[in-house]
Amino acid sequence: MSDAPPVSAGDGGADRPPIWSRPERGSRGPAPAHSRDAIVVAAVALADAEGLAAVSMRAVASALGTGAGSLYRYLSSRDDLLDLMTDRVIGELRPYPQAEGDWLDTMVLLGRRQLALFGAHPWLLDVFHRASGVGPESLAWFDNCIRVLEPLPCAVTAKFEAIAMMTGVVSLFARREAAAGAGALSFAGVDLAAYPHLVAAFGQPPVPAPRADLVERTLRSLLTGLLLGEAG
């Protein structure tokens, strides 16, 4: 999962191969006391509990009861660790829903699952856009979205753009939910006399709430506008 189609396995022009294609650990040194997977699990737990800033090689090593130097037998840098963490939690989007019904219903469901994933791992908002983090699970998610959109006659570039826009919009909703604890927007104590359009808007009578919430209405409008409009 990313906010753009996967176009590069590296980040910042690094020449070394991505972490996904490197051996589990170096061939030298003592017998392994841990595994790459255990390191990633510990790092994800730390990020979930204390935020991304708390994730350092030293902190993860401490959680595993070892020294930071030992982790470099499995990873070259903290960037490697962030990439592995990103791909691991994106794997939580599985199992993917079967696209047996309407493609739009399925895509909206996928968008809601993305939103739930950002809620479960708020730190993901800060790293999911990294090109180097596009690993096997991200590619699988893209592949699934293309499968869902297969019946549509529009160009594949339009499908990639729609998937990227859906992810971007979902991330905005996730950031809004994360900031909700700061309190709702309030004009208490503000003189609105100089803003007549706001005064008129606030004076409108209430209307019944739409049957679909804002997330669903936004995703449906976005996807149909990008894909059905392009196909027509």
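Here the structure is a predicted model, which means the values were calculated and not measured.

Undergrad: Before we go on, may I ask you to explain the overall build of the chain in this structure?
TA: When you go through the chain residue by residue, the secondary structure sums to 9 helices and 0 strands. Moving toward the C terminus, one meets the helices and strands of the chain in the order α-α-α-α-α-α-α-α-α. Considering only contacts within the chain whose residues lie at least 6 apart along the sequence, 77% involve residues at least 24 apart. Total accessible area computed for the chain in this model is approximately 12,600 Å², and 57% of it derives from carbon and sulfur atoms.

Undergrad: Looking at this model, I keep getting lost on helix α6 (residues 136-149). Mind explaining?
TA: One turn of the α-helix equals 3.6 residues, which is why residues spaced by three or four share an orientation. Taking 1.5 Å of rise per residue, 14 residues should cover 20 Å, and α6 covers 20 Å from first to last C-alpha, within 8% of that figure. Regarding α6, the residues found buried are Ser138, Ala140, Trp141, Phe142, Asn144, Cys145, Val148 and Leu149.

Undergrad: What's the story with unusual backbone geometry in this structure? I'm lost.
TA: For residues besides glycine, phi is generally negative; the peptide bonds are generally trans as well. Here the bond from Arg94 into Pro95 is cis, since omega is -5°, no more than 30 degrees from zero. For Pro95, the location among the structural elements is in the loop between α4 (78-90) and α5 (103-120).

Undergrad: Help me understand the environment of Leu149, please; the structure alone is not making it clear to me.
TA: By the element assignment, Leu149 lies in helix α6. In this structure Leu149 comes out as buried when scored by relative accessible area, which is 0%. The residues touching Leu149, leaving out its near neighbours within four places in the chain, are Trp103, Met107, Lys159, Ile163 and Leu227.

Undergrad: Where do I start with the environment of Thr218 in this structure?
TA: With respect to the helices and strands, Thr218 occurs in helix α9 (residues 214-231). Residues Thr218 and Met166, spaced 52 residues apart in sequence, show a C-alpha to C-alpha distance of 9.3 Å. Looking at Thr218, its side chain comes within polar contact range of the main-chain oxygen of Leu214, at 2.7 Å.

Undergrad: Just checking my understanding: could you explain the packing of helix α1 (residues 36-50) against α4 for this structure?
TA: The packing of two helices is summarised by the inter-axis angle and the distance between the axes. For the pair α1 and α4, interaxial distance at closest approach is 9 Å and the crossing angle is 80°. In terms of orientation, α1 and α4 fall into the roughly perpendicular class. In this structure, α1 contributes Arg36, Asp37, Ile39, Val40, Val41, Ala43, Val44 and Ala47 to the contact, and α4 contributes Leu81, Leu84, Met85, Arg88 and Val89. Considered class by class, the residues forming the contact of α1 with α4 number 10 nonpolar, no polar and 3 charged.

Undergrad: Please clarify how the nonpolar core should be interpreted in this entry.
TA: Within the largest apolar cluster, 60 residues are counted, with the highest numbers of intra-cluster contacts made by Leu81, Met85, Met107 and Trp141. Those elements that place two or more of their residues in this core are α1, α2 (57-63), α4, α5, α6, α7 (156-179) and α9. Non-local contacts of Met85, meaning those with residues more than four positions away in its chain, are made with Val40, Ala43, Val44, Ala47, Leu52, Val55 and Trp123.

Undergrad: Quick question: what am I supposed to make of α1 here?
TA: For α1, spanning 15 residues, the distance from its first C-alpha to its last is 21 Å, which sits close to the expected 21 Å at 1.5 Å a residue. Burial in α1 covers these residues: Arg36, Ile39, Val40, Ala42, Ala43, Val44, Leu46 and Ala47. Elements that come into contact with the buried residues of α1 comprise α2, α3 (68-71) and α4. Once α1 finishes, Gly51 follows within two positions and takes phi at roughly 95°, a positive value.

Undergrad: Any chance you could explain the pattern of salt bridges here in plain terms?
TA: According to the stated counting rule, one finds 10 salt bridges in the structure shown. Between Asp80 and Arg22 there is a salt bridge, with the nearest N and O atoms lying 2.9 Å from each other. Of this pair, Asp80 sits in helix α4 while Arg22 sits in the segment before α1, and the two are 58 residues apart along the sequence. Using a relative accessible area of 2% as the deciding quantity, one classes Asp80 as buried. A salt bridge links Glu216 to Arg112; its shortest N-O distance comes to 3.5 Å.

Undergrad: Help me understand the packing of aromatic side chains in this model?
TA: Each aromatic ring pair is characterised by the separation of its centres together with the angle its planes make. All told, the structure shown has 3 aromatic pairs when counted by the stated rule. Ring centres of Phe118 and Phe128 lie 5.2 Å apart, and the angle between their planes is 65°; on these two criteria the pair is classed as edge-to-face. Of this pair, Phe118 sits in helix α5 while Phe128 sits in the loop between α5 and α6, and the two are 10 residues apart along the sequence. Phe118 gets classed as buried once you look at its relative accessible area, which sits at 2%. Their ring planes at 40° and their centres at 6.0 Å tell us that Phe142 and Phe160 sit as a pair that is tilted. Here Phe160 lies in helix α7 and Phe142 lies in helix α6, a separation of 18 residues in the sequence. Judged by relative accessible area, Phe142 falls into the buried class, the value being 3%. Its relative accessible area of 26% is what places Phe160 among the partly exposed residues.

Criteria and thresholds
- Residues numbered from 1 in each chain as written.
- Predicted model: local features only at pLDDT ≥ 70, side-chain atom pairs only at ≥ 80, totals over all residues.
- Heavy atoms only, no water.
- Helix = DSSP H or I, 4+ residues; strand = E, 2+ residues; numbered from the N terminus.
- Contact = heavy atoms within 4.5 Å.
- Areas by Shrake-Rupley, 256 points an atom, 1.4 Å probe, with all protein chains shown as cover.
- Expected span 1.5 Å × (residues − 1).
- Buried < 20%, exposed > 50% of the residue type's maximum accessible area, 1.4 Å probe, protein only.
- Polar contact = N/O pair within 3.5 Å; in protein donor to acceptor, adjacent residues only side chain to side chain.
- Axes fitted to C-alpha atoms, helices over the stretch in contact; angles between N-to-C directions.
- Parallel < 35°, antiparallel > 145°, perpendicular 65-115°, else oblique.
- Nonpolar A, V, L, I, M, F, W, Y, C, P; charged D, E, K, R; others polar.
- Core = buried A, V, L, I, M, F, W, Y, C linked by side-chain atoms within 4.5 Å.
- Salt bridge = Lys/Arg side-chain N within 4 Å of Asp/Glu carboxyl O.
- Phe/Tyr/Trp six-rings, centres within 6.5 Å; stacked < 30°, edge-to-face > 60°.

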